[in-house]
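Take a look at the letters that make up each chain.
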Amino acid sequence: MGKLNIFLAASEVVPFAKSGGLADVTGALPKALRAMGHDVRVVMPRYYIVDKEKYALKRLEGSLGVPMGNLGEAWADVYEGVLPGSDVPVYFIEHEGFFGRKGLYEEDGFSFIDNDTRFIFFSRAVMQLAKKLRFRPDVIHANDWHTAAIPVMLNTHYAYDPDFAYTGSLLSIHNLQHQGKFYKGAMDALGVGWSHFNAHELEEYDGVNLLKGGIVHADVISTVSQKYAQEIRSHEFGWGLEGLLNINSYKLHGILNGVDYEEWSPSVDPFIAQQYDLGDMGGKAVCKAQLQQTFNLPQRSDIPLIGLVGRLVEQKGIELLAHAIWRLLEMDIQIVILGAGEKWAEHYFSDIAGKHSDKFGCYIGYRNDLAHQIEAGSDLFLMPSLFEPCGLNQIYSLRYGTLPIVRATGGLDDTIENYWNDQTHGTGFKFYDATSDALVGTLHWALDVWHNDKEGFERLQRNAMEKRYDWEGAAREYDALYRRVIQGRRGQQGVDE
Ligand code: ADP
Ligand code: GLC
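Note that the coordinates shown come from a computational prediction; the quantities given were computed from them, not determined experimentally.

### Section: the sheet that holds strand E13 (residues 207–209)
Reading across the sheet, the 3 strands line up as E11-E13-E12 and stay open at both edges, with antiparallel pairing between neighbours. Each end of this open sheet is capped by a strand with a single partner; those strands are strand E11 (181–183) and strand E12 (203–204). The sheet contact formed by E11 and E13 spans 3 bridges and is antiparallel. Looking at E13, one finds that Phe 182 is bridged to Val 208. Against the sheet, helix H6 (residues 210–217) touches E11, E12 and E13, its axis set at about 50° to E13.

### Side note on the site of ligand 1
The environment of ligand 1 is formed by 20 residues, the closest being Gly 21, Arg 311, Lys 316, Gly 365 and Leu 392. Measuring from a nitrogen atom of ligand 1, one finds a backbone N or O atom of Gly 365 at 2.8 Å. Between ligand 1 and Arg 367 there is a distance of 3.0 Å, counted from a nitrogen atom to a backbone nitrogen or oxygen. Elements supplying a minimum of two residues to the shell around ligand 1: helix H1 (21–35), strand E17 (334–339) and helix H13 (393–399). Considered class by class, the residues forming the shell around ligand 1 number 6 nonpolar, 8 polar and 6 charged. If you count residues domain by domain, the shell around ligand 1 takes at least three from each of domain 1 (5–258 + 472–493) and domain 2 (282–468).

### Let's talk about the pairing of strand E19 (residues 380–383)
Taken residue by residue, a regular strand's side chains alternate between the two faces of the sheet. Here E19 shows two buried faces, one formed by Leu 380 and Leu 382 and the other by Phe 381 and Met 383. Inspection of the sheet shows strand E16 (residues 305–309) paired to E19 by 2 bridges, in the parallel sense. Across the sheet, Ile 306 pairs through a bridge with Leu 380, a residue of E19. Sheet analysis places E19 next to strand E20 (residues 403–407), joined by 4 bridges and oriented parallel. Bridge pairing links Phe 381 to Pro 404 in E20.

### Re the domain arrangement of the protein
Taken domain by domain, the protein comprises domain 1 (5–258 + 472–493) and domain 2 (282–468). Contact with domain 1, which involves 19 residues of that partner, is made by 19 residues of domain 2. Of the roughly 1400 Å² buried between domain 1 and domain 2, counting both surfaces, carbon and sulfur atoms make up 55%. Counting the contacts that link domain 1 with domain 2 gives 1 salt bridge. The salt bridge partner of Asp 413 is Lys 227, with a shortest N-O separation of 2.7 Å. Viewed at the interface, domain 2 and domain 1 are joined by 9 residue pairs in polar contact (both at pLDDT 80 or more). For the side of domain 1 that touches domain 2, the elements supplying multiple residues, two or more each, are H1 and helix H7 (226–231). Among the elements that make up the side of domain 1 that touches domain 2, the one with the highest residue count is H7 (4 residues). In the side of domain 1 that touches domain 2, the residues fall into 5 nonpolar, 9 polar and 5 charged.

### Observations concerning the pattern of salt bridges
Pairing between side chains of opposite charge can happen when the charged atoms of each approach one another. In the structure shown here, the tally under the stated rule is 27 salt bridges. When the shortest N-O distance is used, the salt bridge between Asp 277 and Arg 399 registers 3.2 Å. Within this pair, whereas Asp 277 is found in the loop between strand E15 (252–254) and helix H9 (282–294), its partner Arg 399 is found in helix H13, the two being separated by 122 residues in sequence. Taking the relative accessible area as the measure of exposure, Asp 277 reaches 27% and is therefore partly exposed. Here Asp 413 makes a salt bridge to Lys 430, at a shortest N to O gap of 2.5 Å. Within this pair, whereas Asp 413 is found in helix H14 (residues 410–415), its partner Lys 430 is found in strand E21 (residues 429–431), the two being separated by 17 residues in sequence. Exposure remark for Asp 413: the relative accessible area of 17% places this residue in the buried category. Overall, the relative accessible area of 10% leaves Lys 430 in the buried class.

Cut-offs applied
Residue positions are given per chain, counted from 1 along the sequence in the order it is written. Here the convention is simple: chains get letters from A, ligands get numbers from 1, in the order in which they are written. In keeping with the model being predicted, local features are shown solely for residues with a pLDDT of at least 70 and side-chain atom pairs are shown and tallied solely at 80 or more, while totals for entire chains, interfaces and linings include all residues. For side-chain calculations, the full set of non-hydrogen atoms in the structure is used, while hydrogens and water are omitted. Strand pairing requires that DSSP identify at least two bridges connecting the strands. Only DSSP runs of H or I reaching four residues or more are called helices, and only runs of E reaching two or more are called strands; each is numbered from the N terminus. What makes two residues a contact is simply this: any of their non-hydrogen atoms within 4.5 Å. Helix axes are fitted only over the stretch in contact, all axes being lines through C-alpha atoms; the angle between N-to-C directions runs from 0 to 180 degrees. Nearness of a residue to a molecule or strand requires only that one of the residue's heavy atoms be within 4 Å of it. Nitrogen and oxygen atoms within 3.5 Å of one another constitute a polar contact, given that in protein one can donate a hydrogen and the other can accept it, and given that sequence-neighbouring residues count only through two side-chain atoms. All residues other than Ala, Val, Leu, Ile, Met, Phe, Trp, Tyr, Cys, Pro, Asp, Glu, Lys and Arg, Gly among them, are scored as polar; the first ten of these are nonpolar and the last four charged. An automatic or database domain assignment supplies the start and end points of every domain. Type-normalised accessible area, obtained with a 1.4 Å probe on protein chains alone, sets the label of each residue: buried when under 20%, exposed when over 50%, and partly exposed for intermediate values. Accessible-area loss on putting two parts together, using a 1.4 Å probe and summing over both, is the definition of buried area adopted here. Criterion for a salt bridge: a side-chain nitrogen of Lys or Arg within 4 Å of a carboxyl oxygen of Asp or Glu.

Below you can see the structure in the form of structure tokens.
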């Protein structure tokens, strides 16, 4: 079997709507699958922020009826566009009541109270859309809790539907912390019947857990790095689902994310002050000076500059940094941070930036151009995550010759090779304990190399810049997983390939 029909459903897709790395993945993987010859199509909600004119979206004829269990039927409009730079179709599910709001999942820091209904609706709409389009997917690829109800629906509502007779499901977990846990009233919208509200499927502590249901019902489950696929089977990283994941480990796989090097390479990056590459690193010094200027820091080349970009949330280890910051400020270094997230962190880091403006710069908000400039202009890039399913910024950093200092967890551990004083190995610096001491100690070590072993530092930069984590390789691994899904399904039904 060569070409596959793949329906990829996600709550966010670059460039239409993004809150984190999930959107980077769902915007890039389909293009790589398309290049392999597959008929891959993407479905996402038509949020208020998705500009129909800018992306030339066309409305499909007729409305889409979406059965909502005990809540009756809801109706959606469907729009069609393409992933920019490709011919991959993207379908947008429009429903004013559910998605005609500013935020994707929340506004002003408060989650929408009806997120269960919104994403159960979206999941059911994905199934209905496949029917409407007469697109018979070999695999429906669901992502995170938002679409985790799809594998459940496939095995219940659509179990005997001939349109899905040969359809299997893959559920990718990008972040196990967020599981879609709701009051059990969510069963009404799901409409699969209370017999599925049990500890082996959707029920957890008398509430509904959508991701749990997805894990049980999906034919295959994947996470975004191999290390994370192992970690989530333990108490420390399992968020209560480690037992279930152990039972289902036979169908659990890890595939490392790729990155889009057309967007994230210093040799072609339009956002940075001067492009550079391994052959001529001159531009990196220019980018550093520019970054110092942007953050009003003294323009000195002889002082190491450390960058951080990311959501300011517990996952990213910002508490470790918050505790370490006073010791860092005693060192002869500069630090710049770009991020938004928990209010305490936004206030705390902004406050320090005000008081130590000669050493510490902070931009609270979301800015893609600045993210690129920090990757290019910094000497070292900090990612002290408590857990990290994959992480993209450290992979970007490698390409920019900005050596990552990371906690050895999940994708950070899989992508960064620790510095060895053996003259050959290494692409960055790792620490293991989730403590401020470990962070500070490892930073000291990295600074020591920067100051006292220029050759060693440059060797690491070279190793880092030569590494490639492209989507082509990752797409081949997904291809293999899709075939596992199909084999499992057809095996069950006794149908030969
Ligand atoms: P996560 O998905 O957990 O947030 P990833 O490292 O996988 O972490 O992806 C984060 C993505 O979001 C990267 O593309 C990163 O550049 C981007 N990003 C995060 N915060 C910001 C910000 N404040 N401004 C610009 N880009 C950001
Ligand atoms: C999640 C994870 C991040 C990963 C991204 C894309 O947001 O937190 O580590 O890179 O998904 O898979």
